[in-house]
Amino acid sequence: MELLGLKRGLRDLEFNNIQVQDLVTDRHVMIKSNKKKDIPEINHYFDVCHIAKGISRKLENAAKKRGAGQIRPWIKGIVNHTYWVAASSGDNNQLKLDKWRSISNHIINVHNHDSEIFPEYEHGELEPRDWMQQGLDVFHSVVNHFAPKSTHFFYTPMLARLCVAALHYNENGTRKQSMTKEVKVAGMLPKGKKGTGMYCKT
Ligand SMILES: [Zn+2]
């Protein structure tokens, strides 16, 4: 329905000799896949408001998970960061990507980034806040995955589970974050959450 509405709207504009250069939509799947094919001459942008809402929802859900409450105080800031990235980068997609990725440093109190075009923070001095700790929280979440606190394990099974958690963490700790053109929000979440699909039943 949305795609049909869009096509009809554009056809009416064309009929009235109005040329459309830029199009802003939500991330409707059919619009996204058909736009490139049907109207390649129009620049297509996603409405940052929809993206920010999606990120906020995903972070809220992530923060509800056991051991992930530390995410919650950061949600507002990450959403603001999303708007700032869109407003301050023009059409420079790499700059958008590098600025967006910088948030994963910022939340662990690192403000210099591995980027040629966005190497340094642009904010001023920051007041002390509840910074996340790189690695430690991620490892805890991996341990919780393999040895849930809701289940009691005797010493030997617990030791085995901690070993598996450590192996899993070390195996995946240096994996590159998966990124799509739209920059997956998963890129900001602890890497341990992404896992390799390994799952042990109790
Ligand atoms: Zn920063």
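Because the structure is a prediction, the values reported are computed rather than measured.

Participant: Even after reading the chapter, I still don't get the overall build of the protein, so can you show me in this structure?
Facilitator: When helices and strands are counted, the protein shows 9 helices and 2 strands. Secondary structure elements of the protein, listed N to C terminal, follow the sequence α-β-α-β-α-α-α-α-α-α-α. Residues classed as buried in the protein amount to 30% of the 202 residues present. The contacts of the protein with a sequence gap of at least 6 include a subset with a gap of at least 24, amounting to 47%. Accessible surface, the protein as shown: approximately 13,900 Å² in total, 54% of it carbon and sulfur.

Participant: I would appreciate a short explanation of the coordination of the zinc ion in the present structure.
Facilitator: Perfect tetrahedral coordination of a metal by four donors corresponds to 109.5 degrees between them, and perfect octahedral coordination by six donors corresponds to 90 or 180 degrees. Every protein donor of the zinc ion is accounted for by His-106 (ND1), His-111 (ND1) and His-123 (NE2), and the metal-donor separations fall at 2.1 Å. Counting along the primary sequence, the residues that act as donors to the zinc ion give the motif H-x4-H-x11-H.

Participant: Would you mind going over the nonpolar core with me for this structure?
Facilitator: Membership of the largest hydrophobic core comes to 17 residues, with the highest contact counts inside it found for Leu-59, Ile-71, Trp-74, Ile-78, Ile-107 and Met-132. Of all elements in the fold, only helix 3 (48–64) and helix 4 (75–88) reach the threshold of two or more residues within this core. Counting residues per element, this core draws most heavily on helix 3, which supplies 5 residues. The next biggest cluster of nonpolar side chains, apart from the first, holds 7 residues, and it includes Leu-10, Leu-23, Ile-39 and Ile-42.

Participant: I keep staring at the environment of Lys-99 and nothing clicks. Help me out?
Facilitator: Following the sequence through the fold, Lys-99 ends up in helix 5 (residues 93–101). On the basis of relative accessibility, which here comes to 2%, the residue Lys-99 falls in the buried class. Note: C-alpha distance between Lys-99 and Pro-119 (20 residues apart in sequence) is 9.2 Å.

Participant: Quick question: what am I supposed to make of the environment of Ile-117 here?
Facilitator: Here Ile-117 is to be found in the loop between helix 6 (103–106) and helix 7 (136–146). Considered as a pair, Ile-117 and Gln-94 are 23 residues apart in the sequence and their alpha carbons are 8.3 Å apart. If near-sequence neighbours (up to four positions away) are discounted, Ile-117 is found in contact with Asn-92, Gln-94, Leu-95 and Asp-98.

Participant: What am I meant to see in helix 4 here?
Facilitator: In an α-helix, one full turn covers 3.6 residues, which means residues spaced three or four apart are oriented alike. In this model, helix 4 (14 residues) spans 20 Å end to end at C-alpha, consistent with the 20 Å of a helix rising 1.5 Å per residue. For helix 4, the set of buried residues is Ile-75, Ile-78, Val-79, His-81, Thr-82 and Val-85. End-on view of helix 4: buried residues confined to an arc of 155°, all on one side of the axis. Exposed and facing more than 90 degrees away from the buried side of helix 4 are Lys-76 and Ala-87. Taken together, the buried residues of helix 4 touch helix 3, helix 5 and helix 6. Positive backbone phi, approximately 55°, marks Gly-90, located one or two places after helix 4.

Participant: Explain helix 2 (residues 29–38) to me, please; I cannot follow it from the model alone.
Facilitator: Every buried residue of helix 2 is listed here: Ile-31, Asn-34 and Lys-35. The arc enclosing the buried residues of helix 2, seen along the axis, measures out at 120°, which places them on a common side. Exposed residues lying more than 90 degrees from the buried face of helix 2 are Val-29, Lys-36 and Lys-37. Structurally, helix 2 contributes buried residues whose contacts are with helix 1 (2–15), strand 1 (22–25) and strand 2 (43–46).

What counts and what doesn't
- Residues numbered from 1 in each chain as written.
- Predicted model: local features only at pLDDT ≥ 70, side-chain atom pairs only at ≥ 80, totals over all residues.
- Heavy atoms only, no water.
- Helix = DSSP H or I, 4+ residues; strand = E, 2+ residues; numbered from the N terminus.
- Buried < 20%, exposed > 50% of the residue type's maximum accessible area, 1.4 Å probe, protein only.
- Contact = heavy atoms within 4.5 Å.
- Areas by Shrake-Rupley, 256 points an atom, 1.4 Å probe, with all protein chains shown as cover.
- Donors = N, O, S within 2.8 Å, 3.2 Å for Na, K, Ca; no water.
- Core = buried A, V, L, I, M, F, W, Y, C linked by side-chain atoms within 4.5 Å.
- Expected span 1.5 Å × (residues − 1).
- Arc of directions from axis to C-beta.

Structural measurements only, silent on function.
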